There are 2 protein chains.
Amino acid sequence: MTTSPIAEALRLPAGPVDLTAIDTDAAPGFDGRKADGKEALAAMEPELADLQERLWAERTAGSERRVLVVLQGMDTSGKGGVLRHTIGLVDPQGVRITSFKAPTEEERAHDFLWRIEKGLPSAGFIGVFDRSHYEDVLIARVRGLADPGEIERRYGAINDFEARLADQGVSIIKCMLHVSADEQKARLAERLANPEKHWKYNPGDLDERAHWAEYRRAYEVALERTSTQIAPWHVVPSDKKWFRNLAIGQLLLDTLRGLDLQWPVADFDVEGEKRRLAEETPVR
Amino acid sequence: MTTSPIAEALRLPAGPVDLTAIDTDAAPGFDGRKADGKEALAAMEPELADLQERLWAERTAGSERRVLVVLQGMDTSGKGGVLRHTIGLVDPQGVRITSFKAPTEEERAHDFLWRIEKGLPSAGFIGVFDRSHYEDVLIARVRGLADPGEIERRYGAINDFEARLADQGVSIIKCMLHVSADEQKARLAERLANPEKHWKYNPGDLDERAHWAEYRRAYEVALERTSTQIAPWHVVPSDKKWFRNLAIGQLLLDTLRGLDLQWPVADFDVEGEKRRLAEETPVR
């Protein structure tokens, strides 16, 4: 499998993670500007469409393979934008988006992975998690929604879970959308300034923002503890929306390319069917 | 609500239905050729995106409104093409596609509407049914999967069900993709001729095709019995793929326009939040 320069640059190396050392406004691995980036993303569409259709077709021949894109990031980091601009390039028939909000009472009565399991893509699908099981070691840690021993247990449980998914044919692409505190402030201000965006704003967002440093630390620990060979994390600089969209498109494209997807071979008598069709009693 | 010439032309009038009298190769209500049609569909994208976001936003303010597009048609009539080319124009976050295959054992142990209910879009969504509860009066009638009394009961049950959905804020757009037997034959032959399309071909398709006239009759009865004021049927000539895609885009656009969707008004103190953001303790 050949990895693109963008994927190479974004893949988190093993070891301690310091998010303050990763530039949120950069475009690593891409040698171009905004217009070039938008063009490069649009240019991926035909190949993404072809590979996604092959993945889908493979399923009809019994393949279990599927893809799971995990999107994590602070409020305003652009998970919705990725869904619209990058995932939107792919045939919606083959996409399953699952958004995880605050867990319901029923969900809280189960292990944290229970609802995640239910949201997984079936064979042939590209699944996308808009937030994920990582919330259970992020907000859960910052807001003390579980005790430290339980949080500690979860890192291992997540790694075991993802290893099992990989064994079942799930290719996992984990993306942390990395924005600066200043960029978040600008985006929140923009939402407040524009009445058409008021619905996206929640006063609770500012309460969470006050815990910025604790969230960053929670992300650093989570990234360090759960970036594995089989399911590595990618830190996607996301102050530039066009780079964020392009980068995730590239990660998806690399992953699909790496699957070496082939059109299924007919399991019926092709020539016989051609004859049947040619010789049928006229239909009208 | 203003209705477009296309919607006007496709809307099924009350009374007996004769599908042989409806040209499968026409482009009613549209005064242009293939290139114009593709351009007209692409030109809908910004307005569709805007309206869909408003529908989605409304949900956050407690609205229950949603849209349901029902796609029915013979094999190869292009339900998948509509999903890819028309529904693919809309932000995938706000779309829920449900494909109905042959019912499972569990589904068969329930009323035919049980699985339909579970596949409905939530508030704010554009739901699309790829096949639907209409299979239960189409293949079920042609193949005798239920006895005539039960089929008879279902027409009324469907009308009651759809009336209840409408009361709950669901705008229903029912589309019958109308292809000719010759066009189906050409499309099946194309699938057989191209190894990349073999996976789309199923020898059972030819067995169903042998019942073409019975299916047409089943459609005619279903259309006649279930085309109501609240949820009328549209017969979409579908030999021209571009017209089929355009027409369904237009029906969706008309429906969204008719909802007169407004951005929700903030339920928080906008000026107060602006001050809170401006005066926050520096975050980093």
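Residues numbered from 1 in each chain as written. Chains lettered and ligands numbered in written order. Predicted model: local features only at pLDDT ≥ 70, side-chain atom pairs only at ≥ 80, totals over all residues. Heavy atoms only, no water.

Now for the interface of chain B and chain A. Contacts between chain B and chain A engage 46 residues on the former and 46 residues on the latter. Between chain B and chain A lies a buried interface of about 4200 Å² when both sides are counted; carbon and sulfur atoms form 64% of it. Counting the contacts that link chain B with chain A gives ten salt bridges. The partner of R84 of chain A in a salt bridge is D91 of chain B, with the nearest N and O atoms 2.7 Å apart. (Contact = heavy atoms within 4.5 Å. Buried area = accessible area lost by both parts, 1.4 Å probe. Salt bridge = Lys/Arg side-chain N within 4 Å of Asp/Glu carboxyl O.)

With that settled, consider the pairing of strand β4 (residues 170–178) of chain B. One face of the sheet, then the other: side chains in a regular strand alternate in exactly this way. Residue and element names in this part refer to chain B. By the criterion of burial, β4 is predominantly enclosed, with nine of the nine residues buried. Side chains of β4 alternate between two faces, with V170, I172, K174, M176 and H178 and S171, I173, C175 and L177 buried alike. Where strand β1 (residues 66–73) meets β4, eight bridges bridge the pair, whose relative direction is parallel. Its bridge partner lying in β4, V67 is registered against S171. Here β4 runs beside strand β5 (residues 233–237); their pairing, made up of five bridges, is parallel. Bridge pairing in β5 links K174 to W233. (Buried < 20%, exposed > 50% of the residue type's maximum accessible area, 1.4 Å probe, protein only. Helix = DSSP H or I, 4+ residues; strand = E, 2+ residues; numbered from the N terminus. Pairing = 2+ DSSP bridges.)

So, on to the UniProt feature "domain: Polyphosphate kinase-2-related" (unreviewed entry) in chain A. Sequence positions flagged by UniProt for "domain: Polyphosphate kinase-2-related" (unreviewed entry) are, in local numbering, residues 34–257 of chain A. Here residues 34–257 of chain A runs as 53% helix and 14% strand, with 25 Å between its end C-alpha atoms. (UniProt positions renumbered as here; feature names shortened; annotations may be inferred.)

A few words on the side chain of T98 of chain B. Residues and elements named next belong to chain B. Its location among the elements puts T98 in strand β2 (residues 95–99). A polar contact of 3.0 Å, which involves the side chain of T98, links it to the backbone oxygen of G119. Once you skip the residues sitting within four places of it in the chain, T98 turns out to touch G119, V128, F129, D130 and R131. (Polar contact = N/O pair within 3.5 Å; in protein donor to acceptor, adjacent residues only side chain to side chain.)

With 13 residues, helix α8 (residues 181–193) of chain B extends 18 Å from end C-alpha to end C-alpha; this agrees with the ideal 18 Å at 1.5 Å per step. For α8 of chain B, every residue scored as buried is listed here: A181, Q184, R187, L188, R191 and L192 of chain B. Projection of α8 of chain B onto a plane perpendicular to its axis shows the buried side chains occupying an angular sector of 140°, all on one side. Among the exposed residues of α8 of chain B, those pointing more than 90 degrees away from its buried face are D182 and A193 of chain B. Residues of α8 of chain B that are buried sit in contact with α12 (270–278) of chain A together with α9 (203–209), α10 (212–226) and α11 (241–258) of chain B. (Expected span 1.5 Å × (residues − 1). Arc of directions from axis to C-beta.)

Residues and elements named next belong to chain A. Across the five residues of strand β3 (residues 126–130), five count as buried, placing the element largely inside the fold. Here β3 shows a buried face lined by I126, V128 and D130 and a second buried face lined by G127 and F129. One ladder, built from five bridges, connects strand β1 (residues 66–73) with β3; its direction is parallel. Note on β3: the bridge partner recorded for V67 is I126. Pairing geometry for strand β2 (residues 95–99) and β3, over five bridges, is parallel.

Right, let's get into the relation of the copies chain B and chain A. Mapping chain B onto chain A calls for a screw motion: a turn of 180° about the axis and a shift of 0.0 Å along it, with 0.0 Å RMSD after fitting. Between the two chains, the operation in question is that of a two-fold axis. Mapped onto chain A, 100% of the interface residues of chain B again fall at the interface, so both copies present the same surface. (Least-squares fit on C-alpha atoms with pLDDT ≥ 70 in both.)

Time to look at the pattern of salt bridges. All names here are of chain B. Scanning the entire structure with this criterion turns up 50 salt bridges over all chains. Here E273 ties to R276 by a salt bridge, and the two come within 3.0 Å at their closest N and O atoms. Of the two residues, E273 and R276 both sit in helix α12 (residues 270–278), three residues apart, roughly one turn of that helix. The exposure class of E273 is buried, given its relative accessible area of 8%. What makes R276 partly exposed here is its relative accessible area of 33%.

Residue and element names in this part refer to chain B. By secondary structure assignment, the location of V265 is in the loop between α11 and α12. Note on V265: relative accessible area 76%, which makes it exposed. In this structure, the C-alpha to C-alpha distance between V265 and A61, residues 204 residues apart in sequence, is 8.1 Å.

In this section: the sheet that holds strand β4 (residues 170–178) of chain A. Residues and elements named next belong to chain A. Taken together, the five strands give an open sheet; going across it, the order is β2-β3-β1-β4-β5, and neighbouring strands pair in parallel fashion. The sheet is open, and its two borders are formed by β2 and β5 (233–237), each paired with just one other strand. Taken pair by pair, the neighbouring strands of this sheet meet at an average axis angle of 20°, ignoring direction. The sheet contacts of helix α11 (residues 241–258) involve β1, β3, β4 and β5, and relative to β4 the element is tilted by about 165°. (Axes fitted to C-alpha atoms, helices over the stretch in contact; angles between N-to-C directions.)

Take unusual backbone geometry next. In this model, D260 of chain A sits at a positive phi of 50°, which is unusual for a non-glycine residue. When its relative accessible area of 54% is taken as the criterion, D260 of chain A is described as exposed.

Once that is clear, we can look at α10 of chain B. Here α10 of chain B is 15 residues long and its end C-alpha atoms lie 21 Å apart, about the 21 Å a rise of 1.5 Å per residue gives. Here α10 of chain B has its buried residues at W212, Y215, A218, Y219, E220, V221, A222, L223 and T226 of chain B.

Residue and element names in this part refer to chain A. Residue position: Y134 is located in the loop between β3 and α6 (139–142). Given a relative accessible area of 1%, Y134 falls into the buried group. A sequence separation of 22 residues divides Y134 from F112, and the C-alpha atoms of the two residues are 9.8 Å apart. Once you skip the residues sitting within four places of it in the chain, Y134 turns out to touch V70, Q72, I158, E162, K174, T226 and W233. Within the local environment of Y134, its side chain forms a polar contact with the side chain of K174, the two groups lying 2.9 Å apart.

This part is about the side chain of D75 of chain A. Residue and element names in this part refer to chain A. Within the element layout of this structure, D75 appears in the loop between β1 and α3 (79–85). A polar contact of 2.9 Å, which involves the side chain of D75, links it to the side chain of R131. Residues in contact with D75, not counting those within four places in the same chain, are R131, Q184 and D205.

Right, let's talk about the packing of aromatic side chains for a bit. Under the defined criterion, the tally for this structure stands at twelve aromatic pairs over all chains. Ring plane angle 85° and centroid distance 4.9 Å describe the contact between F100 of chain A and F129 of chain A, whose orientation is recorded as edge-to-face. You can see F100 of chain A sitting in the loop between β2 and α4 (105–108) and its partner F129 of chain A sitting in strand β3, a full 29 residues away along the chain. F129 of chain A gets classed as buried once you look at its relative accessible area, which sits at 1%. The interplanar angle of 45° and the centroid separation of 5.0 Å between the aromatic rings of F268 of chain A and Y201 of chain B together place this pair among those described as tilted. Highlighted residues: F268 of chain A in the loop between α11 and α12 and Y201 of chain B in the loop between α8 and α9, drawn from two different chains. Look at Y201 of chain B and you get buried, because its relative accessible area is 5%. Taken together through their ring pairs, the aromatic side chains of F30, W242 and F243 of chain A make up a single cluster. Across from the ring centre of W56 of chain A, 4.0 Å away, lies the NZ or CZ of R59 of chain A, which sits over that ring. One Lys or Arg, R154 of chain B, reaches over the ring of F112 of chain B and ends 4.9 Å from the middle of that ring. (Phe/Tyr/Trp six-rings, centres within 6.5 Å; stacked < 30°, edge-to-face > 60°. Lys NZ or Arg CZ within 6 Å of the ring centre and 35° of its normal.)

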